[in-house]
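Single-letter residue listing:
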Amino acid sequence: MSHHLLEVKDLEYTYPDGHQALHGLSFRITHGESVGIVGANGAGKSTLLSHFTGILMPTAGTVRVGDLPVLRQTLKQIRRTVGMIFQNPDDQLFMPTVFDDVAFGPLNMGLPQAEIRERVAEALQTVGAAHLKDRPPYKLSGGEKRAVAIACVLAMTPDILVMDEPSAALDPLARRRLIRLLAGFQHTKIIATHDLDLVLDLCERTIVLGEGKVIADGPSLEIFQNDDVMKKGHLEKPLRMQGCPVCGCNESARSAR
Ligand SMILES: Nc1ncnc2c1ncn2[C@@H]1O[C@H](COP(=O)(O)OP(=O)(O)OP(=O)(O)O)[C@@H](O)[C@H]1O
């Protein structure tokens, strides 16, 4: 299962305008782990995630997926293993119909037509979007677009699922549905988000970023209970760990455990 491993070593990244966004990050995510990447605006979450599929290449340090370093020469293999769901679904949807968008990846993998149709149907079914298959993606609602963007990645059957702000712009019901869907994905999940309640639901481990560095890395509940780390990361506890505004009791925090 080595292809499910992701290792980041001394990673530094400086944007072309000279802004250094990542300052020597190191961690290792192993098979089947579910990891939340959290931190204030500008902490470096999206920059970090962009290195997992080689959208950005390190200025220094390395990123490895299993036995493969992320390099231009290995991108094809890396992108079969790591599926990335972008912050904005519009970055992922560009074909005339939902079917074509979800079929795009499997088609590029050179799969036979029958298998492509099967994968598309299954992925759309999984995200509850089978009824959208003939619709043009640009006419869908934000939540529908997000579901289709997830289906595009699932159709590639990745071993590692990487998501940037998956719950942004979702109504409460769609957010709940997304959490249920992601909970059912058995492989490795890496989720960058400001939604710490979602992290509590899905991720046993959390990495806190601050100014392009790892501030903390450990069990999610321990991190969220650590006032020093939360303050340093400019974070607020998940809603259900905050005391009741009426009587101050912390019943929901206990049920989070
Ligand atoms: N294209 C770019 N050129 C120069 N600097 C950039 C670029 N994109 C991001 N940055 C800077 O890099 C730093 C990290 O940005 P990044 O988008 O990774 O943060 P983030 O944690 O994902 O933030 P958010 O929570 O707001 O999405 C920020 O200081 C940001 O201003």
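Residues numbered from 1 in each chain as written. Predicted model: local features only at pLDDT ≥ 70, side-chain atom pairs only at ≥ 80, totals over all residues. Heavy atoms only, no water.

Taking an unreviewed UniProt entry as the reference, the protein chain is identified by name as ABC transporter ATP-binding protein belonging to Hydrogenispora ethanolica. Per its UniProt entry, the protein chain bears the Sequence similarities (unreviewed entry) comment "Belongs to the ABC transporter superfamily." Per UniProt, the protein chain has the following entry under Subcellular location (unreviewed entry): "Cell membrane". (UniProt positions renumbered as here; feature names shortened; annotations may be inferred.)

Peer 1: I'd like a description of the overall build of the protein chain, backed by residues and values.
Peer 2: Across its full length, the protein chain carries ten helices and ten strands. For 257 residues, the compact-globule formula gives about 18 Å, and the C-alpha radius of gyration of the protein chain, at 19 Å, lands near that figure. On the principal axes, the C-alpha backbone points of the protein chain span a range of 55 × 45 × 35 Å. In the protein chain, buried positions account for 50% of the 257 residues. Taking contacts inside the protein chain between residues at least 6 apart in sequence as the whole, the part at least 24 apart equals 61%. For the protein chain, the distance from the average site of its 28 positive side-chain charges to the average site of its 30 negative ones is 2 Å. (Helix = DSSP H or I, 4+ residues; strand = E, 2+ residues; numbered from the N terminus. Rg over C-alpha atoms; globule rule 2.2 N^0.38 Å. Buried < 20%, exposed > 50% of the residue type's maximum accessible area, 1.4 Å probe, protein only. Contact = heavy atoms within 4.5 Å. Lys, Arg positive; Asp, Glu negative; His and termini not counted. Charge placed at Lys NZ, Arg CZ, Asp CG, Glu CD.)

Peer 1: Can you lay out the layout of surface pockets for me, pointing to particular residues and giving the numbers?
Peer 2: Put simply, the largest pocket is a space of about 620 Å³. Looking at the largest pocket, it is lined by 22 residues, and the ones nearest its centre are Arg79, Gln92, Phe104, Gly105 and Met156. Class assignment for the residues of the lining of the largest pocket results in twelve nonpolar, five polar and five charged. (1 Å grid on protein atoms, 1.4 Å probe; cavity = no way out; pocket = protein on both sides within 12 Å on 5 of 7 lines; lining within 4 Å. Points joined across faces, edges and corners; volume = space filled by probe spheres on them. Nonpolar A, V, L, I, M, F, W, Y, C, P; charged D, E, K, R; others polar.)

Peer 1: Any details on the site of the ligand? Residues and values, ideally.
Peer 2: The full set close to the ligand counts 14 residues, and Gly42, Lys45, Ser46, Thr47 and His194 are the nearest of them. The backbone of Ala43 places a nitrogen or oxygen atom 3.1 Å from an oxygen atom of the ligand. For the shell around the ligand, the leading source of residues is helix H1 (residues 45-50), giving three residues. (Near = heavy atom within 4 Å. Polar contact = N/O pair within 3.5 Å; in protein donor to acceptor, adjacent residues only side chain to side chain.)

Peer 1: For the pattern of salt bridges, give the residues involved together with the corresponding values.
Peer 2: Counted according to the given criterion, the structure contains eleven salt bridges. One salt bridge connects Glu7 with Arg28, and the closest N-O pair in it is separated by 3.3 Å. Residue Glu7 is found in strand S1 (residues 6-14), and its partner Arg28 is found in strand S2 (residues 20-29); the two are separated by 21 residues along the sequence. Accessibility expressed as a relative area gives 24% for Glu7, which makes it partly exposed. With a relative accessible area of 43%, Arg28 lands in the partly exposed category. (Salt bridge = Lys/Arg side-chain N within 4 Å of Asp/Glu carboxyl O.)

Peer 1: Explain the environment of Met163 residue by residue, including any values.
Peer 2: Of note, Met163 is situated in strand S7 (residues 160-164). Overall, Met163 belongs to the buried group, its relative accessible area being 0%. For the pair Met163 and Ala43, spaced 120 residues apart in sequence, the C-alpha to C-alpha distance is 16 Å. Residue contacts for Met163: discarding those within four places in its chain leaves Leu49, Ile85, Leu182, Lys189, Ile190, Ile191 and Ala192.

Peer 1: Before we move on, can you summarise the nonpolar core with the specific residues and values?
Peer 2: One recurring pattern in soluble globular proteins: nonpolar side chains tend to sit buried together. One finds Val102, Val127, Val148 and Phe224 to be the most contacted residues of the largest nonpolar core, which totals 50 residues. Looking at this core, the element that brings in the most residues is helix H5 (residues 142-154), giving seven residues. For Val148, the residues in contact, after removing those within four places along its chain, are Leu93, Val98, Val102, Ala129, Leu132 and Leu140. With 29 residues, the next largest nonpolar core counts Leu11, Ile29, Ala43 and Leu75 among its residues. (Core = buried A, V, L, I, M, F, W, Y, C linked by side-chain atoms within 4.5 Å.)

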